[in-house]
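One letter stands for each residue in the lines below.
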Amino acid sequence: MGKDESLEAMEARVRASFERQQIMNTIDATLVSVSPGSAEIRLPYRADLTQQHGFLHAGVVATIADSACGYAAFSLMPPEAAVLSIEYKINLMAPAEGSAFTARGKVLRAGKTITVCQADVHALRDGGERLIATLIATIMTVRDRPGLAG
């Protein structure tokens, strides 16, 4: 969040960036919440996003986890900055089966240029949540790059 930026302005900035991410629209993901240093993305189960066994594809799991980390990091960046993922590693711990999936990203350490984040992805099933993946990401604050914003 920018030094003089209000919580409302930060949330509006993050949500506007999320809306420009066409992949989130394509897979029907929504930004459930954002606060300084955290973001939550929800994705309903869709059969067309599964792998051969009917589980949500690992690439889709990684996509929502990466974006949850990116927006958690972006929430702490100055308003004029842009955000880019530069590296991540995902551990898939259980099959991605459920009625919906939630990726909760949080900042572990925010730096001036590099931020390290973690996202846990849960499958919603039988009235409960099951941890299915954890992603650790390195996110870059991009400044002074023409054509990049948000």
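Every chain is numbered independently, its residues counted from 1 as its sequence is written. Per-residue local features of the predicted model are confined to residues with pLDDT of at least 70, and side-chain atom pairs are confined, for both listing and counting, to 80 or more; whole-chain, interface and lining totals are unaffected and use all residues. Note that water and hydrogens are dropped before the side-chain values are worked out from all heavy atoms of the structure.

Trainee: So what exactly am I meant to see when it comes to the sheet that holds strand S1 (residues 30–35) here?
Mentor: Think of a sheet as strands paired side by side through backbone hydrogen bonds, with each pair either parallel or antiparallel. Spatial ordering of the open sheet is given by S1-S2-S4-S5-S6-S3, a layout of six strands whose pairing is antiparallel. Either end of the sheet is taken by a strand with one partner, and the two such strands are S1 and strand S3 (82–92). Here the average twist between neighbouring strands, direction ignored, is 20°. The sheet contact formed by strand S5 (residues 114–125) and strand S6 (residues 128–142) spans 12 bridges and is antiparallel. Across the sheet, residue histidine 122 finds its bridge partner in S6, namely leucine 131. Any two residues whose heavy atoms approach within 4.5 Å are treated as being in contact. Lines are fitted to the C-alpha atoms to define the axes, a helix being fitted only along its stretch in contact, and any angle between axes, read from their N-to-C directions, falls within 0 to 180 degrees. The way it works is that DSSP assigns letters per residue, a run of H or I at least four long becomes a helix, a run of E at least two long becomes a strand, and they are numbered from the N terminus. Packing against the sheet, helix H1 (residues 7–20) makes contact with S1 and strand S2 (38–44), and its axis sits at approximately 155° to S1. The strands that helix H3 (residues 58–74) touches are S1, S2, S3, strand S4 (100–110), S5 and S6; relative to S4, the one it contacts most, it runs at about 40°. The pairing criterion for strands is at least two bridges between them, as found by DSSP.

Trainee: Can you walk me through the pairing of S2 in this structure?
Mentor: As a general feature of sheets, a regular strand has side chains that alternate between the two faces. Sheet analysis places S1 next to S2, joined by five bridges and oriented antiparallel. Across the sheet, the residue bridging to leucine 31 is isoleucine 41, located in S2. Between the end of S1 and the start of S2, which pair antiparallel, lie two residues, with glycine 37 showing a positive phi angle near 85°. Here S2 pairs with S4 via seven bridges, running antiparallel. Following the sheet pairing, glutamate 40 is matched in S4 by arginine 104.

Trainee: Where do I start with the state of the cysteines in this structure?
Mentor: Disulfide: a covalent bond connecting the sulfur atoms of a pair of cysteines. To count as a disulfide, a pair of cysteine sulfur atoms needs to be within 2.5 Å. Inspection of the entire model under this criterion finds zero disulfides. Between cysteine 69, a free cysteine, and cysteine 117, which holds the nearest cysteine sulfur, the sulfur-to-sulfur gap is 4.9 Å.

Trainee: I tried to follow H3 on my own but got confused; where do I start?
Mentor: Given 3.6 residues per helical turn, the α-helix brings residues three or four places apart onto the same face. By this rule the span expected of a helix is its residue count minus one, scaled by 1.5 Å. When the terminal C-alpha atoms of H3 are compared, their 24 Å separation across 17 residues agrees well with the 24 Å that a helix rising 1.5 Å per residue should span. Burial status follows relative accessibility: with a 1.4 Å probe on protein chains alone, a residue under 20% of its type maximum counts as buried, one over 50% as exposed, and anything between as partly exposed. Most of H3 is tucked away: 14 of the 17 residues are buried.

All quantities given are derived from atomic positions and should not be read as evidence of function.
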